[in-house]
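Working through the structure, step by step
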Amino acid sequence: MEPLSSTKHNNNLSKPSSLHTEAPPPEASPLRKIMVVASIAAGVQFGWALQLSLLTPYVQLLGIPHTWAAFIWLCGPISGMLVQPIVGYHSDRCTSRFGRRRPFIAAGSLAVAIAVFLIGYAADLGHMFGDSLAKKTRPRAIAIFVVGFWILDVANNMLQGPCRALLADLCAGDHRKTRNANAFFSFFMAVGNVLGYAAGSYSGLHNVFPFTKTKACDVYCANLKSCFFLSIALLLTLSTIALTYVKEKTVSSEKTVRSSVEEDGSHGGMPCFGQLFGAFRELKRPMWILLLVTCLNWIAWFPFLLFDTDWMGREVYGGTVGEGKAYDRGVRAGALGLMLNSVVLGATSLGVEVLARGVGGVKRLWGIVNFLLAVCLAMTVLVTKMAQHSRQYTLLPNAHQEPLPPPAAVKAGALALFSLLGIPLAITYSIPFALASIFSSTSGAGQGLSLGVLNLAIVIPQMVVSVISGPWDALFGGGNLPAFVVGAVAAAASGILSIILLPSPPPDLAKAATAAGGGFH
């Protein structure tokens, strides 16, 4: 999935970058305006948290097999690779009287609301159009869900880029305010995560919206609808406040056209992609190593991000999708684990620079936490085996055996893994962007292009994992552990390469860039 924040920097290239055609305003905006814009991250991240914690079980409830569920998540990396550069390019050149970024933020927020409605009501709409509730697979509901899900990911990517760019515009090159803006953005990301995972872990939320439970939509589905209603309300409220309170200066159309003509003549086709892929020719060895380490890092992360709550429902609680209550209990416990993960993530994010100094540098810190990631992913096998060994059943009135919740020690072990994973996740959300900024500064490359290249090292592994993780798991019995084990191996390899091959950044640049880290989902 995509970066949620990154710091924009000016560069001294003689030709304007495709992402920076206009100089920033001469004076930085007040901090209160920066905080209001940064708060949009809470609304966006609320929705992302719900996707990660609830949607994989939901697609299986609609009848999509576990083996194929991962293919649906392809839209995240694909839309991130295509939509963000296009939207960023055109938002830089927007001459609307409402400003450059605000029209895109408004359109993205509205599209998110529409997409969430389609996802939440996929089962109801599918039933209305002819799906049989007696059949396990609901093809019309699946089609509506997939359309809504793709719209949601496109809209989220359409919203994120201009929001980050607006923050950079408001900072106007003021390094202190840029650091504060990133700190606030990360803080609101953590707030959105905690709210989203807390909502996903509460099983009685549908009682607040009693109309959500219908003939085609059971309690789990009704809770999902209710969570998304809250997500829409939060995002639209925060976006409306930000767009009303924070104004932009209109870009001169004459300068925009002149800049576009210069770029079109140089690159041909679509300048945003021409500059992005052209940057590969200028990469130095440190940047190539960073891309390799980042790629392995996301091969490790993505299987767990896809199937963490499904692992809790299947392997730890022993449940089956659509049968009994064990699976739903596990999913809610997984959402609680993700909430704890977000708390640890937020606390660790505030101390990245201190941790880096304590262990001898950012590259060594990244290597150490990648080993921690590998250990945690490998420990999922131990927790699963302990859960299976201690599992007990109760006999229901229909003679069906229902798994009882796992012992407290097993549940505590699983939740401890979720919590510990917040530490490497915080580093993953900051150090790769920091190092990309450092290496591009020392080589003379543009910041925007370097971060765009780094984004490819994030989304391409996600696409690969989305395609192969389902069939790979099916090859070994259909559970989640095979993909987690591969992730553990990739995390260990990433840690080794980070410590051995990744160059140490200059201390003066490292301190500045660490503060300018970003987050993704």
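Within an unreviewed UniProt entry, the label attached to the protein reads Sucrose transporter, and the organism entered is Glycine max. Per UniProt, the protein has the following entry under Sequence similarities (unreviewed entry): "Belongs to the glycoside-pentoside-hexuronide (GPH) cation symporter transporter (TC 2.A.2.4) family." The UniProt entry for the protein carries this comment under Pathway (unreviewed entry): "Glycan biosynthesis; sucrose metabolism."

**So, the overall build of the protein**
Tallying secondary structure elements over the protein gives 21 helices and 2 strands in all. Within the protein, buried positions represent 57% of all 521 residues. Look at the contacts in the protein between residues 6 or more apart in sequence, and 82% of them connect residues 24 or more apart. If you sum the accessible surface of the protein, you get close to 20300 Å²; carbon and sulfur atoms cover 66% of it.

**Section: the packing of helix H1 (residues 31-38) against helix H9 (residues 219-245)**
In helix packing, the relevant descriptors are the interaxial angle and the interaxial distance, both defined with respect to the helix axes. Running from N to C, H1 and H9 point in directions that differ by 145 degrees, and their axes come no closer than 8 Å. When the axes of H1 and H9 are compared, the crossing they make is left-handed. Residue-level contacts link Arg 32, Lys 33, Val 36 and Val 37 of H1 to Ile 241, Ala 242 and Tyr 245 of H9. Residues of the contact of H1 with H9, tallied by class, amount to 5 nonpolar, no polar and 2 charged.

**Topic: a nonpolar patch on the surface**
Taken together, the side chains of Ile 368, Phe 371, Ile 496, Ile 499, Ile 500 and Leu 501 define a hydrophobic patch exposed on the protein surface, amounting to about 490 Å² of accessible area. Breaking the nonpolar patch down by element, the ones donating at least two residues are helix H15 (362-390) and helix H20 (481-500). With 3 residues, H20 is the largest single contributor of residues to the nonpolar patch. Checked against the element boundaries, Ile 499 lands in helix H20. A relative accessible area of 31% means that Ile 499 is categorised as partly exposed.

**As for the environment of Ile 34**
Considering the arrangement of structural elements, one finds Ile 34 in helix H1. When its relative accessible area of 0% is taken as the criterion, Ile 34 is described as buried. Separated by 134 residues in sequence, Ile 34 and Ala 168 have C-alpha atoms that sit 9.2 Å apart.

**Examining the nonpolar core**
Counting 102 residues, the largest nonpolar core has Leu 55, Tyr 58, Ile 119, Phe 145, Trp 311 and Met 312 as its most contacted members. When residues of this core are sorted by domain, at least three fall in each of domain 1 (27-249) and domain 2 (279-394 + 401-506). Once residues within four sequence positions are removed from consideration, Tyr 58 is found in contact with Ile 119, Gly 120, Ala 122, Ala 123, Phe 145, Tyr 220, Cys 221 and Leu 224.

**Observations concerning the packing of aromatic side chains**
If you walk through the whole model with that rule in mind, you get 10 aromatic pairs. Aromatic side chains Trp 311 and Phe 418 sit 6.3 Å apart centroid to centroid with 35 degrees between the ring planes, which places their arrangement in the tilted category. Linking Trp 311 in helix H12 (residues 285-316) with Phe 418 in helix H16 (residues 408-420), this pair joins segments that are 107 residues apart in sequence. Across this residue pair, the class does not change: Trp 311 and Phe 418 are buried. Judged by centre distance (6.3 Å) and plane angle (70 degrees), the rings of Trp 311 and Phe 484 are edge-to-face. Note that Trp 311 is positioned in helix H12 and Phe 484 in helix H20, a separation of 173 residues in sequence. Overall, the relative accessible area of 0% leaves Trp 311 in the buried class. Above the face of the Tyr 245 ring, Lys 33 is positioned so that its terminal group lies 5.9 Å from the ring centre. The ring of Tyr 121 has Lys 225 sitting right over it, with the charged end atom 4.1 Å from the ring centre.

**Quick notes on the packing of helix H5 (residues 102-120) against helix H7 (residues 139-171)**
Between H5 and H7, the shortest axis-to-axis distance is 8 Å and the interhelical angle comes to 155 degrees. On the basis of their axis angle, the class for H5 and H7 is roughly antiparallel. Note that H5 runs across H7; the crossing there is left-handed. Among the residues forming the contact of H5 with H7, the class breakdown is 20 nonpolar, 4 polar and no charged.

**Topic: the environment of Ser 498**
Along the chain, Ser 498 falls in helix H20. As a C-alpha pair, Ser 498 and Ile 289 span 209 residues in sequence and 8.2 Å in three-dimensional space. There is a polar contact of 3.5 Å between the side chain of Ser 498 and the backbone nitrogen of Gly 367.

**A short note on the confidence of the model for the protein**
Here the protein averages 75 in pLDDT, and 73% of its residues register 70 or above. Counting interchain partners and residues more than four positions distant, the pLDDT-below-50 stretch residues 442-448 has 15 contacts. With pLDDT under 50 throughout, residues 508-521 is counted as low confidence; its partners more than four residues away or in other chains account for 50 contacts.

So, how was this worked out
- Residues numbered from 1 in each chain as written.
- Predicted model: local features only at pLDDT ≥ 70, side-chain atom pairs only at ≥ 80, totals over all residues.
- Heavy atoms only, no water.
- UniProt positions renumbered as here; feature names shortened; annotations may be inferred.
- Helix = DSSP H or I, 4+ residues; strand = E, 2+ residues; numbered from the N terminus.
- Buried < 20%, exposed > 50% of the residue type's maximum accessible area, 1.4 Å probe, protein only.
- Contact = heavy atoms within 4.5 Å.
- Areas by Shrake-Rupley, 256 points an atom, 1.4 Å probe, with all protein chains shown as cover.
- Axes fitted to C-alpha atoms, helices over the stretch in contact; angles between N-to-C directions.
- Left-handed = near helix turned anticlockwise from the far one by under 90°.
- Nonpolar A, V, L, I, M, F, W, Y, C, P; charged D, E, K, R; others polar.
- Patch = residues over 30% accessible without salt bridge, like charges linked within 9 Å, V, L, I, M, F, W, Y side chains within 5 Å.
- Salt bridge = Lys/Arg side-chain N within 4 Å of Asp/Glu carboxyl O.
- Core = buried A, V, L, I, M, F, W, Y, C linked by side-chain atoms within 4.5 Å.
- Domains from an automatic or database assignment.
- Phe/Tyr/Trp six-rings, centres within 6.5 Å; stacked < 30°, edge-to-face > 60°.
- Lys NZ or Arg CZ within 6 Å of the ring centre and 35° of its normal.
- Parallel < 35°, antiparallel > 145°, perpendicular 65-115°, else oblique.
- Polar contact = N/O pair within 3.5 Å; in protein donor to acceptor, adjacent residues only side chain to side chain.
- pLDDT = per-residue confidence, 0-100.

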